[in-house]
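The chain contents come next:
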Amino acid sequence: MTHRGGMMKMDLFFYMLMGCLIAAGNILAFITFRKKKSLYSAALTVLLMAPVLGGVGGITALIVIRDAFAVFYGLQVAYFLLVNSAIILVIAVITSAVRNYRTP
């Protein structure tokens, strides 16, 4: 096995970890949405989970890679969750506008 083959497995591990962390943030937001029936609270949940899950991803990358630059992996996870939160917020605003427009 070449060195590049080992890097491919490491990349796959981190992509899968990133997917799991993003899915965890969205599942927590869905649970919040089901409890409170508000898209705004779901967006807030993802927004608040972004630094938490980004920190978990960064610490995991630090443990696995043992390099200080691994923290940037956690920042990338947090960035994706912030974008996800913004998308949910835009959907909530559009949904509220449509509801107010349809209600006489």
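Above: the structure in question.
Residues numbered from 1 in each chain as written. Predicted model: local features only at pLDDT ≥ 70, side-chain atom pairs only at ≥ 80, totals over all residues. Heavy atoms only, no water.

This brings us to the environment of Val-83. The residue Val-83 is located in helix α3 (residues 71-102) in this model. Distance from Val-83 to Leu-47, taken between C-alpha atoms, is 8.9 Å for residues 36 residues apart in sequence. (Helix = DSSP H or I, 4+ residues; strand = E, 2+ residues; numbered from the N terminus.)

Quick look at the nonpolar core now. For soluble globular proteins, the rule of thumb is that nonpolar side chains tend to be buried together. Tyr-73, Val-77 and Leu-81 are the most contacted members of the largest nonpolar core, which has 17 residues in total. Listed by contribution, the elements that provide at least two residues to this core are α1 (3-36), α2 (39-65) and α3. Setting aside anything within four residues of it in sequence, one finds Val-77 in contact with Met-18, Leu-21, Leu-53 and Gly-54. (Core = buried A, V, L, I, M, F, W, Y, C linked by side-chain atoms within 4.5 Å. Buried < 20%, exposed > 50% of the residue type's maximum accessible area, 1.4 Å probe, protein only. Contact = heavy atoms within 4.5 Å.)

Between α2 and α3, the least distance of the axes is 7 Å, while the angle of their chain directions is 170 degrees. By the angle class used here, α2 and α3 are roughly antiparallel. When its residues are assigned to classes, the contact of α2 with α3 shows 22 nonpolar, eight polar and no charged. (Axes fitted to C-alpha atoms, helices over the stretch in contact; angles between N-to-C directions. Parallel < 35°, antiparallel > 145°, perpendicular 65-115°, else oblique. Nonpolar A, V, L, I, M, F, W, Y, C, P; charged D, E, K, R; others polar.)

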